[in-house]
Amino acid sequence: MCENRQKPIGVDHTSGFYGIDHYGFPRAGADDPLDPEGYYPPYFRSEHFQKYGYHVEELRGGFYWVTSAGYDAAFVVTEEGVVAIDAPPTLGENMLAAIEDVTDKPVTHVIYSHWHADHIGAASVFGPGVEIVAHRLTRDLLERFPDPKRPLPTTVFDDELVLDVGGVTLELSYKGENHCPGNIFIYAPRQKVLTAVDILSPGSVTFMHCDASQNISGWYEAHAQILAYDFDFFVGGHHMHYGTYEQVETCVEYFADVLEGATEAVERFSRSDALVDIVSDTGWNRMFVGTENWINSMANHTTRHVLEKRTSDGRLWWERLAGATTQTKYHAYTVLESIRLERPRPDYRLRGENPPVFLT
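Residues numbered from 1 in each chain as written. Predicted model: local features only at pLDDT ≥ 70, side-chain atom pairs only at ≥ 80, totals over all residues. Heavy atoms only, no water.

S.K.: Lay out helix α6 (residues 216-227) with the relevant residues and their values.
M.R.: Because an α-helix completes one turn every 3.6 residues, residues spaced three or four positions apart along the sequence face the same direction. The end-to-end C-alpha separation of α6 is 17 Å, in line with the 16 Å expected for 12 residues at 1.5 Å each. You can read the cap of α6 off the contacts: a side-chain oxygen lies 3.4 Å from the backbone nitrogen of S217, and it is on N215. (Helix = DSSP H or I, 4+ residues; strand = E, 2+ residues; numbered from the N terminus. Expected span 1.5 Å × (residues − 1). Polar contact = N/O pair within 3.5 Å; in protein donor to acceptor, adjacent residues only side chain to side chain.)

Structural data, given as structure tokens:
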């Protein structure tokens, strides 16, 4: 009998978690600290939110933020009607309820931040006849992958579009692929509100793998692009809060530390000699096990760098941003792979026997 056969997989059916032995993810929670004090705002435990599942709040000058405490959207009340920004399924018809809470004017325009269903998968609630504005790539993707709940945009643009509706101006900009192709910036200059979805999440780190973003170099570039705007309020599309400029700066600082740690990890563990040592340690007949150890070494090095580093105000990241202890390892993996795949290599293998060390 082969001694190297796969181990039997034991299953854990405890309430609320499905676990498997050996190969799956362990259950999280028991050893992690509580989220930072003040992360959960008063609305979260309010009777209205607990009963109806949404919260709406005016930021300034008729610009409203709507949240399900996980997904965010927005709308602007104008003299002619309402301009909605996104329609997450977790809000769904609560987008209409939130609008009806503050005005009886109809929705005349809908802006798609990008094409992903988790942010616009309930856009059909606005009915036919609304003008839907998006980047041209968003329309292209929705034509390729049609969804009746995400109606096709009726107005598209390539680089910049100024939308004037009923005395309200919204500046729409596309600065290149970041989270995904066609993801745009939506700026209300009079209200000083910036909407940029799936880039940063005020009060917390982003969801796993930098919010499942597709172009991490472009995603990092978007951090600086966001900070170049003059805004007082930031709508990021996720979690518990809209943000202030200072809160966005905190998120940018966190991801700068992730990049710093990941760069160090790649330089240490992705050297050709280090890779050979790690892979050979498990045996040349277990290449994938060795490869996992190689990648995990870099991710763990990055995670430790981030979570043990004293930040600019002297605290640790888990004391400043919710989710740091659970999400950093996923960010670490994504960013280190971005370094390996997207950024310039300092060298490459030279021909001949026993070549100089190079980064793999």
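Back to the text.
S.K.: Describe the sheet that holds strand β13 (residues 193-196), naming the residues involved and giving the relevant values.
M.R.: Strand order in the open sheet formed by five strands is β10-β11-β12-β13-β14, with mixed pairing between adjacent strands. Sheet topology places β10 (160-165) and β14 (233-235) at the edges, where each strand pairs with a single neighbour. Taking the axes of each pair of neighbouring strands and ignoring which way they run, one obtains an average angle of 20° across the sheet. Alignment of β10 against strand β11 (residues 168-173), held across six bridges, turns out to be antiparallel. The partner of L161 across the bridge, within β11, is L172. (Pairing = 2+ DSSP bridges. Axes fitted to C-alpha atoms, helices over the stretch in contact; angles between N-to-C directions.)

S.K.: Any chance you could break down the pattern of salt bridges for me, citing the residues and the numbers?
M.R.: This structure, assessed with the given rule, holds 13 salt bridges. Among the ionic pairs, D230 bridges to K192, the shortest N-O distance being 3.2 Å. Within this pair, whereas D230 is found in the loop between α6 and β14, its partner K192 is found in the loop between β12 (185-188) and β13, the two being separated by 38 residues in sequence. Its relative accessible area of 45% is what places D230 among the partly exposed residues. Here K192 falls in the partly exposed class, since its relative accessible area comes to 27%. Taking the shortest distance from any N to any O, the salt bridge between R340 and E337 comes out at 2.6 Å. On the criterion of helical spacing, the pair formed by R340 and E337 is a turn pair, its members being three residues apart in helix α11 (residues 324-342). Neither residue differs from the other here; R340 and E337 are each classed as buried. (Salt bridge = Lys/Arg side-chain N within 4 Å of Asp/Glu carboxyl O. Buried < 20%, exposed > 50% of the residue type's maximum accessible area, 1.4 Å probe, protein only.)

Without other data, these values stay purely geometric and don't point to any function.
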